[in-house]
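Tertiary structure, described
Chain residues, written in single-letter form:
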Amino acid sequence: MSFLLPELGFEYADLEPHIDARTMEIHHSKHHNGYTNNLNNALENVALTEQPIEEILRNLDMNNAALRNNAGGYYNHCLFWEILNPNDKQDLDGDLESAINSSFGSFENFKEGFSKAAATRFGSGWAWLCVKDGKLEICSSANQDNPIMPSIGCGGKPIMGIDVWEHAYYLNYQNRRPDYITAFFDVVNWRVVSEKFKNA
Ligand code: MN
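So, here's what we can say about the structure. (Residues numbered from 1 in each chain as written. Predicted model: local features only at pLDDT ≥ 70, side-chain atom pairs only at ≥ 80, totals over all residues. Heavy atoms only, no water.)

1. A word on the pattern of salt bridges
Pairs may arise between side chains of opposite charge once their charged atoms sit close together. One pass over the full model with this rule turns up eight salt bridges. With a shortest N-O distance of 3.0 Å, Glu82 and Lys196 are connected by a salt bridge. With Glu82 in helix 3 (residues 65-84) and Lys196 in helix 8 (residues 190-199), this pair connects stretches of sequence that are 114 residues apart. Residue class for Lys196 comes out buried when judged on its relative accessible area of 19%. Taking the shortest distance from any N to any O, the salt bridge between Asp88 and Arg191 comes out at 3.1 Å. In this pair, Asp88 sits in the loop between helix 3 and helix 4 (94-104) while Arg191 sits in helix 8, placing the two residues 103 residues apart along the sequence. Linked by salt bridges that have partners in common, Asp88, Arg191 and Glu195 make up one network. (Salt bridge = Lys/Arg side-chain N within 4 Å of Asp/Glu carboxyl O. Helix = DSSP H or I, 4+ residues; strand = E, 2+ residues; numbered from the N terminus. Buried < 20%, exposed > 50% of the residue type's maximum accessible area, 1.4 Å probe, protein only.)

Encoded structure:
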C-alpha cells in the first residue's frame, strides 16, 4: 500500500496575507511530501495490511518512532489543509456553535483556550479541537503526535488542528507564534470543521 500527498484544492497564495505562499509551498511540497514518503517507507517494515491512516494511528506501536512521526505527520497535515481550504468558506454552523457554547461558554472563550494551547505548546507540536464522548475538548500534543494515537494524554476525534512547528510560520512571523495563531483564525474554513463535527 502507499499513501499519496494530497493535492491542496487551492493555490499556495490563496491564504495570503495570513499565511504566505512560500511557506505554504515549502510546507506542502517539502514537509508534507517528506512525511508521506517516509510513512510509505516505514510501512514497508511492518506487517500492516491495507488500512486507513486512522486505523494505523489508533493501533500504533508508540515505540516505532519512524511510523509514529510519519503517520502522524501525514494525517495531521491532511487535516490542516482541509480546514484551511478557502473555497466555499463559511461561518460555523448552528450545531457546532451550540456545542462550542455548551463546552466552553462562548466562542471567544473557545478561541482563547485554543490559542493558549497552541501558544504554550513548548517546541514543536499541534493544538487540537476534539470530539470526545460527545463533548468538545481542547488539547495539544508534541511533535507529530495526535489525539488518535494511544495514550498521548490528549484523546478524541480531532476536527480542527493548528500546526505550531516553526516551519509553519517562521518565514513570515519569525518568533511571533501568537500572531500566526491569530492569523490562523482568519483562514479557518468553519464549513469544513462543522462537517467534521457532524461526522465525528
Ligand atoms: Mn507542518
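Alright, that's what it looks like, and here's the rest.
2. Structural notes on the state of the cysteines
Counted according to the given criterion, the structure contains one disulfide. Shown here is the disulfide that connects Cys139 with Cys154, its sulfur atoms set 1.9 Å apart. A torsion of 45° about the S-S bond marks the disulfide between Cys139 and Cys154 as right-handed. Of this pair, Cys139 sits in strand 2 (residues 135-142) while Cys154 sits in the loop between strand 2 and strand 3 (157-163), and the two are 15 residues apart along the sequence. Classification of Cys139 as buried rests on a relative accessible area of 13%. Just so you know, Cys78 is unpaired, no disulfide at all, and the nearest cysteine sulfur is the one on Cys130, 17 Å from it. Since its relative accessible area comes to 18%, Cys78 is described here as buried. (Disulfide = S-S within 2.5 Å.)

3. Considering the coordination of the manganese ion
Looking at the metal site, the manganese ion is ligated by His27 (NE2), His77 (NE2), Asp163 (OD) and His167 (NE2), spaced 1.9 to 2.1 Å from it. Each donor residue of the manganese ion belongs to the same chain, with the gaps between them written as H-x49-H-x85-D-x3-H. Separated by 50 residues along the polypeptide, His27 in helix 1 (residues 21-43) and His77 in helix 3 bring together distant segments of the chain. The exposure class assigned to His77 is buried, which follows from its relative accessible area of 0%. (Donors = N, O, S within 2.8 Å, 3.2 Å for Na, K, Ca; no water.)

4. Comments concerning the sheet that holds strand 3
One open sheet holds the three strands; their spatial order is 2-1-3, and the pairing between them is antiparallel. In the strand order of this sheet, the two ends are held by strand 2 and strand 3, each with one partner. Each strand axis lies, on average, 20° off the axis of its neighbour in the sheet, ignoring direction. The pairing of strand 1 (residues 125-132) with strand 3 spans six bridges and is antiparallel. Following the sheet pairing, Leu129 is matched in strand 3 by Met160. Lying over the sheet, helix 3 contacts strand 1 and strand 3, oriented at roughly 85° with respect to strand 3. Sheet strands in contact with helix 4 are strand 1, strand 2 and strand 3, and its direction is about 75° off that of strand 2. (Pairing = 2+ DSSP bridges. Axes fitted to C-alpha atoms, helices over the stretch in contact; angles between N-to-C directions. Contact = heavy atoms within 4.5 Å.)

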